[in-house]
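Reading the structure
Chain residues, written in single-letter form:
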Amino acid sequence: MKALAPILFIVAVIFVVRDSDAEPHPSLVRIRMEKELLELPKIPGSFLKQISDNVWNLRGASLVFNSRPLPQNNFVIKKENGKFDIIAVLEFNDYLASVLASEMPRGWPLEVFKAQAVVARSYALARIKERKSKVFHLESDQTDQVYNVLSTPKTRQAVAETDGVVLFDPKGAVLKAYYHSDCGGETVSATQVWGDRAFDSGTAKDPWCALKKTNQW
């Protein structure tokens, strides 16, 4: 996923629930930063400690792998196919603030960041529930939500001021709130893309996307 277009599709079709009515969010979240590595990663300045036959703790400040910054606390997992994944472990709200900074233009207004915080939180919680028995909860790229090791005062404020606010579908489940950077000018039914299990809020025309140079894909 990339930057959010105006969130018109959520109006009047889903419910916003705050604080005690919302499902509690986890304190920590596991994000897959790298996958299918052919060898155990060696990062200058890192501390790598083996804790089992197939698991290593990878820690350090200012870690960079394949030209990409990593969080301070990670695990390296050797999978059954003999390849390695790097799984970051970080605070849930820190993750959300970095998602906002990664997904959106920094000059957008605070209220837009707050709306995106609700969407990103809802998507993440739905995904965490789906993957609760897995090694990681979310991918760090557009397969789920783009996560890079960065945040701004505005994104942290947006997360803090919407803390506990999530979206629910009419059945009472946390909404897996898909979003996009460019719909090409008009959305299609969610069930057409993801099947009958997806919550379908209808379709919409988007004049902003229609005018973008990237709308042909």
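Refer to the structure presented above.
The residue count restarts for each chain, going from 1 along the sequence in the order it is written. Where totals are concerned, whole chains, interfaces and linings use all residues; where local detail is concerned, this predicted model gives features only for residues with pLDDT of at least 70, and gives and counts side-chain atom pairs only at 80 or more. Water and hydrogen atoms play no part in the side-chain values, which are based on all heavy atoms of the structure.

1. Points about the packing of aromatic side chains
Aromatic pairing here means that ring centres of Phe, Tyr or Trp (its six-membered ring) are within 6.5 Å. Orientation follows from the plane angle: under 30 degrees is stacked, over 60 is edge-to-face, and everything else is tilted. What the rule picks out here adds up to four aromatic pairs. Look at Y123 and Y178: their rings are 5.9 Å apart centre to centre, the planes differ by 65°, and that puts the pair in the edge-to-face class. Here Y178 lies in the loop between β10 (166-168) and α4 (190-194) and Y123 lies in helix α2 (residues 110-130), a separation of 55 residues in the sequence. To sort residues, take the accessible area from a 1.4 Å probe on protein chains only and compare it with the maximum for the residue type: under 20% means buried, over 50% means exposed, and anything in between is partly exposed. We classify Y123 as buried; its relative accessible area is 2%. Every member of this aromatic cluster is reached through a ring pair, and the members are F92, Y95 and Y147. Over the aromatic face of F136 sits the side chain of R131, whose NZ or CZ is 4.1 Å from the ring centroid. To qualify as a helix, a DSSP run of H or I must reach at least 4 residues; to qualify as a strand, a run of E must reach at least 2; elements of each kind are numbered from the N terminus. In this scheme, the term charge over a ring applies when either NZ of a lysine or CZ of an arginine sits within 6 Å of the ring centre and within 35 degrees of the ring normal.

2. Describing the side chain of K114
Counting through the fold element by element, K114 comes out in helix α2. Using a relative accessible area of 17% as the deciding quantity, one classes K114 as buried. Pairs of residues are marked as contacts when any of their non-hydrogen atoms sit within 4.5 Å. Beyond its immediate stretch of four places on either side in the chain, K114 contacts A158, E161 and T162.

3. Looking at the pattern of salt bridges
Just to be clear on terms, a salt bridge is a Lys or Arg side-chain nitrogen sitting within 4 Å of an Asp or Glu carboxyl oxygen. For the coordinates displayed, the defined rule picks out twelve salt bridges. Between E139 and K35 there is a salt bridge, with its nearest N and O atoms 4.0 Å apart. Taken together, the residues span a long stretch of sequence, with E139 in strand β9 (residues 138-139) and K35 in strand β2 (residues 28-37) at a distance of 104 residues. Across the salt bridge formed by K83 and E36, the nearest N and O atoms sit 3.7 Å from each other. A residue pair is termed long-range when its members are at least 10 positions apart, and K83 in the loop between β7 (73-78) and β8 (84-91) and E36 in strand β2 qualify at 47 residues. Overlapping salt bridges bring together R32, K35, E36, K79, K83, D85 and E139 as one network.

4. Focus on the packing of α2 against helix α3 (residues 153-161)
In this analysis an axis means a line fitted to C-alpha atoms, helices contributing only their contacting stretch, and an angle means the value between N-to-C directions, from 0 to 180 degrees. As a packed pair, α2 and α3 sit with axes 8 Å apart at the nearest point and diverge in direction by 60°. Taken together, α2 and α3 sit at an angle that is classed as oblique. In this structure, the crossing between α2 and α3 has a hand that is right-handed. Seen from α2, the contacting residues are L110, F113, K114, A117 and R121; seen from α3, they are K154, T155, Q157, A158, V159 and E161. Gly counts as polar in this scheme, as do all residues outside two lists: the nonpolar Ala, Val, Leu, Ile, Met, Phe, Trp, Tyr, Cys and Pro, and the charged Asp, Glu, Lys and Arg. Class assignment for the residues of the contact of α2 with α3 results in five nonpolar, two polar and four charged. When an angle is under 35 degrees it counts as roughly parallel; over 145 it counts as roughly antiparallel; between 65 and 115 it counts as roughly perpendicular; any other value is oblique. The sense of a crossing depends on the near helix, which, turned anticlockwise from the far helix by less than a right angle, makes the crossing left-handed and, turned clockwise, makes it right-handed.

5. Some words on the packing of helix α1 (residues 92-103) against α3
At a minimum axis distance of 8 Å, the contact between α1 and α3 shows a crossing angle of 130°. The orientation of α1 relative to α3 falls into the category oblique. Remark: the crossing between α1 and α3 carries right-handed chirality. Contacts from N93, L96, A97, L100 and A101 of α1 reach α3 at T155, R156, A158 and V159.

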